[in-house]
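What the coordinates show
Listed below are the residues making up each chain.
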Amino acid sequence: MDMSGMDMGNSSSSSTDMNSTSSMAMTMMTAFTTQLGASNLWFTNWTPTTVGSTFGACVGVFFLAMASRLLSATRSSAEIAWSHYIASLNRQTSRDSATSELVKSPVEVKKKLRLQRAPPFTPSIDIPRAFLFALHSFVGYMLMLIVMTYNAWFFIAVILGLSAGELAFGRFAAGHAEEGLDHH
């Protein structure tokens, strides 16, 4: 498409556009603030304006961040328990099928192994798993929104809460993750 005959505007308009673009880029760069009442916490009505309300909000954020690590450890522990349950069901099923069908061709065995890569849908496992995942994701996004307020006090509360939560619950998640690798 030939655009040589089209009027693209004058140079002063082009330089004005460049200035507005650079000023818009400068506006988008936000620094952290410690000013009270400058950041709302999820909703406009939740704007701490005093030292006491900001401290209270930071305590709440701290415990929400700790809850994030608790949910992570809970999910890890639950996955291990569920994998043990599935393994015991598979052992019981394999014993039952071994006694009922003594002779199988290698092709049938290969087909069965190929089809059983993922455990079947089990409502008693998959519904709580989905609920824990949704709850953990929700808490994670709430923490992300808190950090995106660029309030230094909230940011510090999130970091301290995650650190304290990892200190308190991290060993449960890490220990179970290693245990889960051994039993698969």
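Further up the page is the structure itself.
In this report, the structure presented in the accompanying data block is examined. (Residues numbered from 1 in each chain as written. Predicted model: local features only at pLDDT ≥ 70, side-chain atom pairs only at ≥ 80, totals over all residues. Heavy atoms only, no water.)

**With respect to the pattern of salt bridges**
- Tallied over the full model, the rule gives three salt bridges.
- Across the pair Arg-129 and Glu-79 runs a salt bridge whose closest N-O atoms are separated by 2.7 Å. Here Arg-129, found in helix H4 (residues 123-147), pairs with Glu-79, found in helix H2 (residues 51-100); they are 50 residues apart in sequence, far enough to count as distant.
- Arg-129 gets classed as partly exposed once you look at its relative accessible area, which sits at 30%. (Salt bridge = Lys/Arg side-chain N within 4 Å of Asp/Glu carboxyl O. Helix = DSSP H or I, 4+ residues; strand = E, 2+ residues; numbered from the N terminus. Buried < 20%, exposed > 50% of the residue type's maximum accessible area, 1.4 Å probe, protein only.)

**What about the nonpolar core?**
- Grouped together as the largest cluster of nonpolar side chains are 17 residues, with contacts concentrated most on Leu-41, Val-61, Leu-143, Ile-146 and Phe-154.
- Contributing elements (two or more residues each) for this core: H2, H4 and helix H5 (152-182).
- Looking at this core element by element, the count peaks at eight residues for H2.
- When near neighbours in sequence (up to four residues on either side) are disregarded, Val-61 contacts Leu-41, Leu-143, Ile-146, Phe-154, Ala-157 and Val-158. (Core = buried A, V, L, I, M, F, W, Y, C linked by side-chain atoms within 4.5 Å. Contact = heavy atoms within 4.5 Å.)

**Thoughts on a nonpolar patch on the surface**
- Side chains of Phe-32, Tyr-150, Trp-153, Phe-155, Ile-156, Ile-159 and Leu-160 sit close together on the surface and give an oily, nonpolar patch of about 630 Å² of accessible area.
- One can find Ile-156 in helix H5. (Patch = residues over 30% accessible without salt bridge, like charges linked within 9 Å, V, L, I, M, F, W, Y side chains within 5 Å. Areas by Shrake-Rupley, 256 points an atom, 1.4 Å probe, with all protein chains shown as cover.)

**Observations regarding unusual backbone geometry**
- The phi dihedral of Trp-42 is positive, around 75°, even though this residue is not glycine.
- Here Trp-42 shows up in the loop between helix H1 (11-28) and H2.
- A relative accessible area of 29% means that Trp-42 is categorised as partly exposed.
- We note that Tyr-150 has phi near 60°; this positive angle belongs to a residue other than glycine.
- Relative to the helices and strands, Tyr-150 is located in the loop between H4 and H5.
- We classify Tyr-150 as partly exposed; its relative accessible area is 33%.

**Side note on the packing of aromatic side chains**
- Tallying each qualifying case throughout the model produces five aromatic pairs.
- Each ring, one from Phe-32 and one from Phe-155, has its centre 5.1 Å from the other, and the planes form 50°; the classification is tilted. Highlighted residues: Phe-32 in the loop between H1 and H2 and Phe-155 in helix H5, separated in sequence by 123 residues.
- The exposure class assigned to Phe-32 is partly exposed, which follows from its relative accessible area of 43%.
- Their ring planes at 90° and their centres at 4.9 Å tell us that Phe-43 and Trp-46 sit as a pair that is edge-to-face.
- Classification of Trp-46 as partly exposed rests on a relative accessible area of 45%. (Phe/Tyr/Trp six-rings, centres within 6.5 Å; stacked < 30°, edge-to-face > 60°.)

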